[in-house]
Amino acid sequence: RLAHITPHALVIGGGIAGMTAALGLSEAGVSVTLVERSSKLGGLAGMHPIDGETAAVVEQRIASVGGRPNIQTLTNVQVTNVSGPVGGYQVALSNGLIVEAGVIIVATGGQINSRFQIPDSRFKNIAFVLCDMTPEKRAACLHSCCLTTCRQAAELKRRNADSQVTVFFRELYTAGGAYNELVWEAQRQGVNFVRYPSGHSPQLVEGEIVALDELTGREVRVPCDQLITAEAIRPHDDAAQLAALLRLPIDANGFLADARVRLRPSDRIERGIYVCGAAHYPCDAQRATFEAYSAAARAAQHIRRKQAVSWASPAVVDAARCNGCGDCVKVCPFMAVTLVERQGDAATGRRGSREMPPLAVIDELICTGCGNCVSVCPVKAAQVATSYDEQIEAQVRAAMGLKRQGDPVPYLVFACEWSGYSAAEIAGASGLAYPASTRIIRLNCTGRLQPGLVLKALEEGAAGVLILGCAPGVCHYEQGNERCAAMFEQANALARLVGLDHKLKLEWVPPDDGARFVQVVDDFIGRVMG
């Protein structure tokens, strides 16, 4: 399967990241349409530069973009719809235009929390208060407030050496390396740092910040004309809507996430959609610039391919069976499934109707054939072209039929090709011995399994069924192993009703550990034999 790639790029967002990405593509000879929601370029850094250096970068980028003939800039414009296949996206804009693009770079940035005030150099006594970093908050910390605070505090002192700038903090996260210099620079400029005890946040009392200095044990009173409660940049309110249009995942904080791809190249093609800057994660101008150039380089490389080709065996949907429940849409790790209105049946003359359930449609270029959609389909409308249920059942029967008279009853192993099956191959190549009664069936992903297939193996006479998958957190299909674990609980519960649950087992095996594979198989067979 292949698709032609349109030699044009769309960049969404006109901040530092968006302008840098557009310039990078322009230098590579790619024409660009740059879309910005506000009335002018610059983004968050343009409206609220945290220091003079950032302001200069913004002005330089704006001038450079305006001087490039192959960059079309559209302001006061937003994306309203995205359609078309990989490499041939048709993007509808709020001004009525349709942009055809082979690649899309998302650089929409973020927004400042409503409680976050931009420092004003007219004030003489300014206090920054960073959050009380508790263990509960640490897991969700975006590590951006501390860096921004240090930059702004130092900038205020540079603008007005007579001002009194104080930073009240519980913990300072600077990400190490060069960012540590931000703290030292702020101190050299004369910024005061006060660490308060956990659970005792500073209070504003009659024009003064009152806090306990943990290092000295003394109460500190600092005059305050402007109080800044520093909080992280957060996603735009419509970030989730844009992510849905582009079929991009979002993380726990609402930012657009990168798809974690660990497949072989032929099984996963570049979609030509990239995220950079604060749309991806809160970051400073330096980091946004780096990500923008990286996205531009990948986008230019994608366009130079001219065609997008996928060799993976995709899943298919039987339209006659599909009931439009949408379960397959929810579990697809690469968002290759969408629900569409039925168009009717040309053979029978039956027309589509809004009363008819929607139809699940799979984008064959994006689908990797993992089979997760198959495992959740309640009516068996979804199947992977190379591993139908009937084909797997035939492999089970063939594995059981390999037993010769007098041989022990075979044990069946369903193994993920990325972990359990790889470990089995390494065990064989290393000359490690395991019981000859073991029969292995390779799967793209253990998330493909259904309780019926597992129990079918017992019905066909397997002495036991062992499932080997990737460890949690390292699944090539995002959460396929987690769905396998849920499936296994269902199968195990049914087997328990008839006293056969001891014949089922689920294990996570590293792909490069043949000895671990042998140990797991030996332990399982020993447990079944009792």
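Every value quoted in this text rests on a predicted model; they were computed, and no experiment measured them.

Novice: Outline the side chain of T166, supporting the account with residue identities and numerical values.
Specialist: As for its placement among the helices and strands, T166 is situated in strand 10 (residues 164–169). With sequence-adjacent residues up to four places away left out, T166 is seen in contact with I126, A127, F128, N192, V194 and V222.

Novice: Pulling in residues and values, what's your account of the nonpolar core?
Specialist: With 80 residues, the main nonpolar core has L25, I104, I105 and V106 as its most contacted residues. For this core, the leading source of residues is helix 8 (residues 285–305), giving seven residues. Non-local contacts of I105, meaning those with residues more than four positions away in its chain, are made with L10, V11, I12, A21, L25, Y274, C276, A295, A296 and A299. L453, L458, F488 and A491 belong to the second largest nonpolar core, which has 23 residues in total.

Novice: Residues and numbers for the packing of helix 11 (residues 389–401) against helix 13 (residues 451–459), please.
Specialist: The contact between helix 11 and helix 13 brings their axes to 10 Å, and the two run at 25°. Judged on the interaxial angle alone, helix 13 and helix 11 are roughly parallel. You can see that helix 11 and helix 13 cross each other, and the crossing is right-handed. Two secondary-structure elements touch here, helix 11 through D389, I392, E393 and V396 and helix 13 through L453, K456 and A457. The residue makeup of the contact of helix 11 with helix 13, split by class, is four nonpolar, no polar and three charged.

Novice: Kindly report on the packing of helix 13 against helix 14 (residues 480–497), identifying the contributing residues and their values.
Specialist: One can describe the packing of helix 13 onto helix 14 by two numbers: an axis separation of 9 Å at closest approach and a directional angle of 45°. By the criterion of interaxial angle, the relationship of helix 13 to helix 14 is oblique. The element helix 13 and its partner helix 14 pack so that their crossing is right-handed. Together, P451, V454 and L455 of helix 13 and M487, Q490, A491, L494 and A495 of helix 14 make up the contact between the two elements. Residue composition of the contact of helix 13 with helix 14, grouped by class: seven nonpolar, one polar and no charged.

Novice: Talk me through the environment of H476; I want residue IDs and the actual numbers.
Specialist: Among the secondary structure elements, H476 is positioned in the loop between strand 26 (465–469) and helix 14. Using a relative accessible area of 8% as the deciding quantity, one classes H476 as buried. Sequence separation between H476 and S419 is 57 residues, and the spatial gap between their C-alpha atoms is 9.8 Å.

Novice: Break down the sheet that holds strand 8 (residues 103–106) for me, with residues and values.
Specialist: Spatially, 4-3-2-8-16 is the arrangement adopted by the five strands of the open sheet, whose pairing is parallel. For this open sheet the edge positions go to strand 4 (71–74) and strand 16 (273–275), each flanked by a neighbour on one side alone. With direction set aside, neighbouring strand axes in the sheet form an average angle of 15°. Direction of pairing for strand 3 (residues 31–35) relative to strand 4: parallel, over a ladder of four bridges. Each residue of the ladder has a partner; that of L34, found in strand 4, is T73. Packing of helix 8 onto the sheet brings it into contact with strand 2 (8–12), strand 8 and strand 16, and relative to strand 8 it is tilted by some 170°.

Novice: Run through the pattern of salt bridges, naming residues and quoting values.
Specialist: In the structure shown here, the tally under the stated rule is 21 salt bridges. Put simply, R68 and E27 hold a salt bridge, and the shortest N to O gap is 3.5 Å. Here R68 is found in the loop between helix 3 (52–66) and strand 4, whereas its partner E27 is found in helix 1 (residues 16–27), with 41 residues between them in sequence. Taking relative accessible area as the criterion, R68 reaches 25% and is therefore assigned partly exposed. Here E219 and R221 are joined by a salt bridge, their closest N and O atoms 3.3 Å apart. Among the residues examined, E219 registers a relative accessible area of 54% and is labelled exposed. On the basis of relative accessibility, which here comes to 46%, the residue R221 falls in the partly exposed class.

Novice: I'd like a rundown of the environment of L506, residues and numbers included.
Specialist: Its place among the elements puts L506 in strand 27 (residues 504–508). Judged by relative accessible area, L506 falls into the buried class, the value being 18%. In this structure the C-alpha to C-alpha distance between L506 and N492, which are 14 residues apart in sequence, comes to 9.9 Å.

Novice: Before we move on, could you go through the sheet that holds strand 14 (residues 219–223) and cite the residues and values that matter?
Specialist: The three strands lie next to each other as 12-13-14, forming an open sheet whose pairing is antiparallel. Only two strands of the sheet have a single partner each, and these edge strands are strand 12 (203–205) and strand 14. Averaged over all pairs of adjacent strands, the angle between their axes in this sheet comes to 30°, without regard to strand direction.

Cut-offs used in this document
Residues numbered from 1 in each chain as written. Predicted model: local features only at pLDDT ≥ 70, side-chain atom pairs only at ≥ 80, totals over all residues. Heavy atoms only, no water. Helix = DSSP H or I, 4+ residues; strand = E, 2+ residues; numbered from the N terminus. Contact = heavy atoms within 4.5 Å. Core = buried A, V, L, I, M, F, W, Y, C linked by side-chain atoms within 4.5 Å. Buried < 20%, exposed > 50% of the residue type's maximum accessible area, 1.4 Å probe, protein only. Axes fitted to C-alpha atoms, helices over the stretch in contact; angles between N-to-C directions. Parallel < 35°, antiparallel > 145°, perpendicular 65-115°, else oblique. Left-handed = near helix turned anticlockwise from the far one by under 90°. Nonpolar A, V, L, I, M, F, W, Y, C, P; charged D, E, K, R; others polar. Pairing = 2+ DSSP bridges. Salt bridge = Lys/Arg side-chain N within 4 Å of Asp/Glu carboxyl O.

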